[in-house]
Every structure is written in C-alpha cells, then in structure tokens.
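# Observations on the model geometry
Chain by chain, the residues run as shown.
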Amino acid sequence: MPATSGSDARALLSLAAAERSYPGSPPVAALRPADLCIGPRDYVSLMGRSGSGKSTLLNIMGLLDRPSAGSVIFAGTDTEQMPDRQVAGLRAQHIGFVFQSFNLLPQRTATDNVALGLLYQRVPRSHREQIARGTLDRVGLSHRVAAFPGQLSGGEKQRVAIARAVAGRPALLLCDEPTGNLDAASATSVLDLLDGLRDDGIAVVIVTHDPDVAARADRHLVMSDGTVRDTVLGDLGDGPRPAMEH
Amino acid sequence: MLRWRPDGPAAGKQSLRLADIASEAVLGISARPGRSMLTMLAAIVGVGSFAIVIGLTNTTRAEVNGRFNSLAATEVVVSDTEPQLSSAAFPPDTERLIDRLHGVLSSGVLFPVGVAVAPGVTRLAPAAGQGPANSVQVMGVSPGVFQVSMGKLAQGRFFGALADRQRQNVVVLGEAAAAQLGVTDISAQPAIEIDGIPFTIVGILQSVGREPSLLQVAIIPDQTALRYWGISALGADAIIATRPGSAAVVASEAAVAILPADPQRLAVVSSSEPFIFQAAINGDLSALLLLAGVMALLMGMIGIASVTLTSVLERFYEIGVRRALGATRPHITCQFLAESTILGTLGGLAGTCLSIIIIVTIADINHWNAVFSLAVILPDPLIGTVAGCLAGIYPALRAARLDPVEALRR
C-alpha cells in the first residue's frame, strides 16, 4: 500500500498527504503531511502530548477544518472542492462529535440537547424528541430526560453529549478527550458506552492522554510534533510507520 | 450502521423547515430573557417613537386643519388700500351690497377709531397716541360684524341696524376692555365718555370665533364713529362669512360689488391663500416629523443590532456546537435573523400599543381629538419586523462567518 495514497475503496475516511499549517513567521505546522485511513467499525485511539496536533487532526477528520494541502476523502468522495454547505451536510449526516467539556446548551433539557443533533438532519420535530428519548434511554439516562445540564453530573453530561452525537446514527464518532473531565467511575461508564457503539457499526476515534483509555481501542495512533503514526501500546518510542492499515 | 451511498455520500436537501427555524429562534430568545428584553426594548423605543411622531403629526394636523377649515375656509377679508383718501372705501350700505352676493352668510365693516378711552364718565380722552398707558382702543363696526365674528355676550345686547342708522351713542365693550375699564355690571346702564362724548354701555362681549381683537376694544356703531371722528386714517376692513366652498367666488366679486367705481382700491384676501400657506406648513411639518421618526427608528435598529451582536459574541460556543452538528452558514444566519425578526415584531407590537396610549394621553391633555389612521397604525408592528430583520443582518452574517474550530475553542 503506497504511503502517500490515502484512498481506499473500503475506507470510511482517508487522509492523503493532508497537512495543516497556520500562517506566522515561521509558519506553524500543526499537522505534517499525513496519510491515514479509518475504516467502518474501527476503534482508534489518538494519543500525543499537548500541542502535538491531535485536535488539528481531529478537526480535519471531522471536516470542521480543511487541510492546507492534501485531501480528505470521505466515503470515497474528495471533500476538497466541496462547498461549505455540502461539507456541513456530511457532518450532519455522518459524523458525531463528543467534546471534553461536553458543550451542551445550558438552557435546554437533556432531550432538547440530544434532539438538536437531529435538527440539521431535517428529522421532523415529532420524531426528534422520540429518537432523543430513545437514545437517552440507551445511554442509561431515561430518568434524566427533562434535566438541564446544570442538574447533571459530569458523567451524565458526557452521556448526554454522546447521545447527541450518536442519535443521528453517524458512521464516524470523534471524541476529544471524552473522559478528561470525569472521575474514574464516570469515565469507565462512558468508555463502556463507547465500546458498545462499535457493535452499532460506528467507527470511533478517541483522543486521549490516558493509556488505559487508549488500551480499549483496536488501533492506536500517536502524534508527535504534527506527525501521526500507527503504533502498538507500550511502543510509543518506535519510529513512524504509515498509518494506513485498518 | 453506515448510511452513505456506496457511490459517495450525499448531503441531500439541507434547508430547514420554517417551523424548525421559528422554534429554534423562540428557544434561543427564551433562553436569554434579559438579553431578549433589551433587544425588544430597542425595538419598542424605535417603533414607538416612530409611531408617536407619525400619530401626533396626524392628530395635530387634524386639529390645525379643523380650525383652518371651520373658519378660514369660509372667510373673505376686504381691505382699503388707500385709507389716506378723504372718501370712504366702504359706503354706508356695504353690508347690503355684500350680502347680495351668492354664498355670503353675513358681513360687516370695521375700522379703528382714532381715540382712546379711559375709565370714568367725565374724563375726556385725547386722540390716539396721547392716552394713558392702559388706554382702550375704540373700534367702529357695522352691526353685521357681531354675526360675522360669531360674538357671544356676557351681558346685555349687541347694537343693531337701527342704532347704527340713527348714529346712537352706544357701546359694546370687549371682555378685556370692560375689565380694564372696571366695568363688571351693566344692569344700571353705565356710560363711558369717548373724547368727552357719553356712550351708554349696552353689552359686554364674552367671546368671538373671528377677530379676537374685538375683545380688547370698545365697539361703537360705524356710522356714529364717522359722525364724530370721520373716516379712519388707519383704514377699514370688511369681513365676510361665506358658505363652505363659496369663499373664492365671493372674493372675486366682492371688490366690484362694494366699490364698482374703483374696485382696485380694495384688496381681497380669501381663504384659498391661508390654505396654500396651511398646505406648505403641513408639508414642511410632515417632512420634519417624518425625518425625526425615521431617525428614532434608525436609533432603535442600531440598538437591536448592537444587542444582537453582543448576543452573537456571547454565543460563540453555541455557534461552534451547531456547526459541528451540521449547521450550514445559512442555518446560523437564519437562526440569528429569525431571533432578531421575532424580537423586532414583538417590540413593534408593544411599541405600537405604547404609542397609542401616549398619543391618546397627549391628545386628552390638550383637549384634541386623537386621530389614528389604520393605514398608519397597522403597518407599525410590520415596521418592527422589518427593522428587526434589517438590524439582525450584520450580526447574523458575522455569526455565520465564524470559523467552527475557532468558535469551539472559545
């Protein structure tokens, strides 16, 4: 498999020589040219020190940001020339985000927060609430459907955030340190929840600093100074290898 | 479970339903009641000020027009342009000559008499200009003047054609003149002297519809005045009350009817001239007030835009979350535009109601009739809608232009 080719017919998401730099003197290379494939049902951890470029890579994988060079291919379609409207449509239909700080809207109930994830899929309003309640039930929060974020614990908030991300049944779930603000017990329950999503056919990418969290994944990516490479746990010091397999 | 098509993902139709846009906007508004109230307040002030200015313009215009219409539209004044001539411009039968014209209701001649009057019955007042500081002027009038001026008596009676013809020494005092002379009761038929000539007070004039100067003077029959003091060097006027719509015709015929030998000596002013003046005043006033109203509306719009922009800055992370969830830039634009439009509409409604209350109150205080035109009132809430929408454009575009990564980082 050529290291520079990010294209794979079976891939859900491919990065082909994708790089991201920010203007400055000298320019900051947040992501050096990377080739990467994420397949359906992949469970991938992404580790690296702060400032290594994890969030940049996650944003590019989630089509929130565009690479300065190279391309991002989602389900076989190059997104480089896609207008913003179409890229937003891909995010709405196929990609879910879970943030470290939950990012729930404080003035809305758990149900409304989850339903918001379905709004941009144009799910009719009556169905949105029904699906939201069902998803909250699946993440174990059927008793908290009317609660506001301020009334929820950290673990519960993150479950609501996960419910919001998966309510529309995305193909790819991107989690940016989902357990970073949680205690051990809450973190375990959230990770158990993420483990279970694999069975639903969702590819999961988790950004984490915690090797225990990373250990749950099937595949491990490490970022260092903007360079991403596949690795095996306990072998973080290995030289870079193309991150193409899935 | 993957949901994309094997031949590539399809974004599909992405525009939101109107109901979804509206419900999201309402949720956004209700989530920040304080901020929403501020935005609405800006709309209330803007639309309210606009509606008040327009409403008060209509009310005052109606009031002014009412006064113009009821009197000026039915009034013609004929003036002697050459009072220095020894011959009288208005013959003794002027009233009869004028009253023959079609459309005339009544007419009368009046002129200032060159004497002064002082309180008391024996004192002889010298000619005008030499009297005491509080001297009362004397006006010679034909009996028709009382009818033309729509005079109302506080006491006594007016003098009639007989007294005028017989050149009787009778006088009607205007209310202010009576007060100045200390005359409060005429039941005992008190008298005053004018230039040493005794005159019996037959009435006290309480009010007039035209010629308010009559309330300040002592009014004597014009023929009596001519008998004692001759033709007034100050000139004379004939006032004519006409039927509505007849003023212009009467004005065109009056000079010839009164003085057929020398009609150019008489200057005729009809109500059409005040109307031209009135229209000019109305036009200028309307333009100025409309400008003030538009300025108030603009200030309100700036207020809405300012508060909405602040709201955008406070909601960066919400914008980021929405973008991450798949909102397009137009979705974000719609969200903020809908919020400012709804708040503008609500503010417009409240501002309109408030303006009605204020206009009615002001009209009541001034004893005016509040005038509301549906054509003006009904669009006011809509003006709030448009103002809210226009004011929300910049903040909404600013929100939509926000980079999602940047928004999530804040």
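The paragraphs below set out a description of the structure included in this document. Values in this document were obtained by computation on a predicted structure and should not be read as measured data.

With that settled, consider the overall build of chain B. Across its full length, chain B carries 14 helices and ten strands. Counting contacts in chain B only where the partners sit at least 6 residues apart, residues at least 24 apart contribute 84% of the total.

Secondary structure summary: chain A contains seven helices and ten strands in total. Residue burial in chain A is summarised as follows: out of 246 residues, 52% are buried. Of all intrachain contacts in chain A linking residues separated by at least 6 positions in sequence, the fraction that spans at least 24 positions is 68%.

Let us look at helix H8 (residues 247–258) of chain B. All names here are of chain B. For H8, which comprises twelve residues, the first-to-last C-alpha distance of 16 Å matches the rise-based estimate of 16 Å (1.5 Å per residue) to within 8%. Residues of H8 that are buried: Ala247, Val250, Ala251, Ala254 and Ile258. Seen end-on, H8 carries its buried residues on one side only, within an arc spanning 105 degrees.

Glancing now at the packing of helix H5 (residues 154–166) of chain A against helix H6 (residues 184–197) of chain A. Residue and element names in this part refer to chain A. The contact between H5 and H6 brings their axes to 9 Å, and the two run at 15 degrees. Here H5 lies roughly parallel to H6, going by the angle between them. Helix-helix and strand crossings are classified by hand; for H5 and H6 the assignment is right-handed. Packed against H5, whose contacting residues are Gly154, Gly155, Gln158, Arg159, Ile162 and Val166, the element H6 presents Ser186, Ser189, Val190, Leu193 and Leu197 at the interface.

Side chains that are three or four residues apart share a direction in an α-helix, a result of its 3.6 residues per turn. Counting buried positions over the ten residues of helix H3 (residues 110–119) of chain A gives ten, a clear majority of the element. The set of residues buried in H3(A) consists of Ala110(A), Thr111(A), Asp112(A), Asn113(A), Val114(A), Ala115(A), Leu116(A), Gly117(A), Leu118(A) and Leu119(A). Looking at the buried positions of H3(A), the neighbouring elements they touch are helix H4 (125–138) and H5 of chain A together with helix H1 (18–31) of chain B.

As a further point, take the pairing of strand S5 (residues 170–174) of chain B. Residues and elements named next belong to chain B. Burial runs high along S5: five of the five residues are buried. Of the two faces of S5, both are covered, the one formed by Val170, Val172 and Gly174 as well as the one formed by Val171 and Leu173. Of the pairings in the sheet, the one linking S5 to strand S7 (residues 197–207) comprises five bridges and is parallel in character. In the strand pairing of S7, Val170 is matched with Thr200.

So, on to the packing of H3(A) against H5(A). All names here are of chain A. Between H3 and H5, whose axes approach to 7 Å, the crossing angle comes to 30 degrees. With respect to each other, H3 and H5 are oriented roughly parallel. Here the hand of the crossing between H3 and H5 comes out right-handed. On the side of H3, the interface is formed by Ala110, Asn113, Val114, Leu116 and Gly117, while H5 contributes Val160, Ala163, Arg164 and Ala165.

Right, let's talk about the environment of Ala407(B) for a bit. Residues and elements named next belong to chain B. As for its position among the elements, Ala407 is in helix H14 (residues 404–409). Along the backbone, Ala407 and Tyr317 are 90 residues apart, and their C-alpha atoms lie at a distance of 5.3 Å. Once residues within four sequence positions are removed from consideration, Ala407 is found in contact with Phe316, Tyr317, Ile319, Gly320, Arg323 and Leu402.

All names here are of chain A. Read from one edge of the open sheet, six strands run S6-S7-S8-S3-S9-S10, paired in mixed fashion. Sheet topology places strand S6 (95–98) and strand S10 (227–231) at the edges, where each strand pairs with a single neighbour. Here the average twist between neighbouring strands, direction ignored, is 20 degrees. For S6 and strand S7 (residues 172–176), the ladder comprises four bridges, and the chain directions are parallel. Its bridge partner being in S7, Gly96 is matched across the sheet by Leu173.

The rules we used
Residues numbered from 1 in each chain as written. Chains lettered and ligands numbered in written order. Predicted model: local features only at pLDDT ≥ 70, side-chain atom pairs only at ≥ 80, totals over all residues. Helix = DSSP H or I, 4+ residues; strand = E, 2+ residues; numbered from the N terminus. Contact = placed C-beta atoms within 7 Å. Buried ≥ 20, exposed ≤ 12 C-beta atoms within 10 Å, placed from the backbone. Expected span 1.5 Å × (residues − 1). Arc of directions from axis to C-beta. Axes fitted to C-alpha atoms, helices over the stretch in contact; angles between N-to-C directions. Parallel < 35°, antiparallel > 145°, perpendicular 65-115°, else oblique. Left-handed = near helix turned anticlockwise from the far one by under 90°. Pairing = 2+ DSSP bridges.

No statement about biological role is implied by the geometric values presented.
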